[in-house]
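# Coordinate analysis (summary)
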Amino acid sequence: MESAILQGLNPQQKKAVQTVDLPLLVIAGPGSGKTKVITHRIAYLIYEKNISPFEILGLTFTNKAASEMNERISGLLDNSVAGVTISTFHSFCAMVLRRESEKFGLKQNFTIYDDQDQLSLVKKLVKQLDFDVDNVTPRSLLSQISKAKSKMVGWSTYQENAGNYIQEFTAKIYEEYEASLNLSSALDFDDLLLKTYHLFKDYPEVVSKYQDRFKYVMIDEFQDTNITQYAISKQLSLASGNLAVVGDPNQSIYSWRNADIHNILSFHDDFPTATVVNLDQNYRSTQTILETAQNLISPNTEKFDQKLWTDNSKGQPIVIGEGYNEKEESEMIISEINNLVSKGEYSLGDIAIMYRVNSQSRALEEKCIKYGIKYQIVGSLKFYQRLEIKDLIAFLRLINNPDDDVSLLRVINVPPRGIGQKTLSILSSCAVDNKSSISNVLDQIFSGESTIEIKDLGLTKAAIKNLFNFREMIADFKGYVSKRSLPELIEIIFEQSGYKNHIMNESENFQERNENIRELINTAGYFSKENTNDSLSAFLESVSLVGDTDNLSYEGQKLTLITLHQSKGLEFPVVFISGLEDGMLPHIRSIESENPSELEEERRLCYVGVTRAKEKLYLLRSFRRGFRGESSLPSRFLADITRSQVVSWNFSEEKVTQSNNYVDYQLNQDEYFDEGPNYDIPDIPEYKDSEPVDEPVEFNQFKVGDKVAHKIFGDGIIIGCKALDQDQELQVAFKDGIGIKKLLGSFAKLEEIN
DNA sequence: ACACCAATCGTTTTT
DNA sequence: CGATTGGTGT
């Protein structure tokens, strides 16, 4: 009699669930029941193998995935066997580090610096070192540092290998950056992983404690792990040999955050005894969508050889549409959604619009408002990134960890209290000289037993007084920590710091900002109720690591607007992907990059989007995009979609001819007429040109968008136009692989054609 | 020290 | 086109 846990699983899924006591690699194609396998495997371990839930550790990449898995497990298991640890890498590491901090001289109340904090620290260091070079921005420095850290390259090694002036400077910043974090008792996201790795490496008794506790380690979205995360996974599972990893190389889309696709691609080389399971049956999408996805991904070189299949029906063809510009593209999308919904075919909750960059949501939003369509934008303006929230959190951090200089500098003069740049630069350099934090400098100055001579610093009387008051204020706040609840504490800070008055007088959107603060206070209230450890430090950690809770609400029928990156792991009956243009998807940076793997990643990103769709897929692009109305070429990815599976969606005669020929030149002509559509062509809605589109700007003779013929190059289209004195410089995209040429209007003898 | 205005710049994805 | 920086005047 087969275990109930295995019922309803296909053979591969069963194999994955039943493989215990061996390294396991599960290649989980999109829609192949990955989460089902993970949750059933956990149930199998507990019920069939009598393994204690406490010995099971599941590591995920995002909070969303962690909480979803937790829910699925508790649905599958009864609550009496709760105790399985499901956590993100980062919060798991933070937990370990808090617990073990005293072992290696890390203060238990360490602060976690997010991206913004890191950046402001780097900016400060760049200023201090007085270095200014073009193309070396604080952002690029930070990204170099983070890249090094996620490969476990320390600053001294980085320095030794520096091959040029810029790298040497980067190394110097890296060194200072690390020193600052250290002084501030702060860890960045990379440190959470890195310090855990070093802790495990340097303290065998610590790592064996965790190895002993977690005998069964399972990692989800393994294609998104970086070198350090992989190293930690190995450390944890070294004793037991039970490392199970699940992922899909084709959905590796986070290399910019230093995820390394080779972790999954060469897992089997690392663990030759590993069982490899290939989940290749797709339960999600129609055949047409699945085939489109496969055609899309197949040009990639870095991939696992996997041929997906499905029992699902052929379904409807893919709809490829083109709008004249961003406005019109949005109009098409939203009016089509309006149609689908009013015909009763789908509800808003069934539909998602996906895009490459967040800024694309704006045009869509406007049309939603116009049509009165309810929508939700996933994770655009993050709650904890808002100014007023960051400020109040900075107060809390400073109270929790006085050495946190980034937070101190953030709030020391917010609201303005007469502590200006001059004063701060004196304090900063004094802190550098004394190798201490700024709080420490202030303590020295005001404690009387100072080794620092106040007179020598050159601070004004007013500044000294203001600094004294600030220090007193923070000390007062600290006094409340043990006496008041978390929400009360925030309330007190909000009012007594003068922040409330400040935003009341300052900003016209006081209402909104005040509501945000209320929400923060509410969140703190929930946190206190739900967590046994409701210390300030624990709250701040959850704020940094958990971030926005339940961004995506499934209650209420709303259209979902989401970036392609964030769409991973989700599915919708109807998916629109907007902006399929070269420069947008693939993004311009990947096209210009000398590293071809970046282009492969863009392709995977598109693949992720396509495979979210269950029934209907629309691929949209704009003929002109951007604020300068530059013309964009169709995405090169469109050329890899079989034409027989596509219906084109156009909406006005003139524009059809204009754009369609153009698309043809990009798309694979051979396949175009091979076989006619095998499908009933769905009702493509009449597009009503209800809103006039932007008039193209007139130039001397030609304008962007004009179709032209050239004696030698043949037919082309104007994609760029620069007015010169008595003439114009034209950028023309020609058909038949000739490509883009720059021409002088008077010389080129172009003829306008229709 | 601070507020306001102008100019510039640089355009991705986020635990 | 938007946000951030820089300079000015109070």
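Description of the structure in this document. (Residues numbered from 1 in each chain as written. Chains lettered and ligands numbered in written order. Predicted model: local features only at pLDDT ≥ 70, side-chain atom pairs only at ≥ 80, totals over all residues. Heavy atoms only, no water.)

Within the largest apolar cluster, 48 residues are counted, with the highest numbers of intra-cluster contacts made by Phe395, Phe470, Leu520 and Phe539. Ignoring anything within four residues of it in the chain, the contact list for Phe395 reads Val411, Val414, Arg417, Phe470, Met473, Ile474, Phe477, Ile493, Ser497 and Tyr499. Counting residues in each nonpolar core, the second largest holds 38 residues, with Cys93, Val207, Val217 and Ala231 among its members. (Core = buried A, V, L, I, M, F, W, Y, C linked by side-chain atoms within 4.5 Å. Buried < 20%, exposed > 50% of the residue type's maximum accessible area, 1.4 Å probe, protein only. Contact = heavy atoms within 4.5 Å.)

All right, on to the packing of helix H6 (residues 138-150) against helix H9 (residues 189-202) then. As a packed pair, H6 and H9 sit with axes 9 Å apart at the nearest point and diverge in direction by 20°. Here H6 lies roughly parallel to H9, going by the angle between them. Where H6 crosses over H9, the handedness of that crossing is left-handed. Residue-level inspection shows Ser146, Lys149 and Ser150 of H6 in contact with H9, the latter providing Asp190, Asp191 and Leu194. (Axes fitted to C-alpha atoms, helices over the stretch in contact; angles between N-to-C directions. Helix = DSSP H or I, 4+ residues; strand = E, 2+ residues; numbered from the N terminus. Parallel < 35°, antiparallel > 145°, perpendicular 65-115°, else oblique. Left-handed = near helix turned anticlockwise from the far one by under 90°.)

With respect to spatial proximity, 21 residues lie near DNA strand B, and among them Phe61, Arg356, Asn413, His565 and Arg589 are the closest. A share of 52% of the atoms of DNA strand B within 4 Å of the protein falls on sugar and phosphate groups. One of the backbone nitrogen or oxygen atoms of Asn358 is found 2.9 Å away from a phosphate oxygen of DNA strand B. Contact between DNA strand B and Gly420: a phosphate oxygen at 3.0 Å from a main-chain N or O atom of the residue. Of all the elements in the fold, those that place two or more residues in the surface near DNA strand B are helix H19 (421-434) and helix H27 (564-567). (Near = heavy atom within 4 Å. Polar contact = N/O pair within 3.5 Å; in protein donor to acceptor, adjacent residues only side chain to side chain.)

Below, the discussion takes up the packing of helix H4 (residues 89-100) against H9. Packing of H4 against H9 brings their axes to within 9 Å, and their N-to-C directions diverge by 55°. With respect to each other, H4 and H9 are oriented oblique. Crossing handedness for the pair H4 and H9: left-handed. For the pair H4 and H9, contact is made by Phe89, His90, Cys93, Ala94, Val96, Leu97 and Glu100 and by Phe189, Asp191, Leu192, Leu193, Lys195, Thr196, Leu199 and Phe200, respectively. By residue class, the composition of the contact of H4 with H9 is 10 nonpolar, two polar and three charged. (Nonpolar A, V, L, I, M, F, W, Y, C, P; charged D, E, K, R; others polar.)

So yeah, pure geometry; function would need other evidence.
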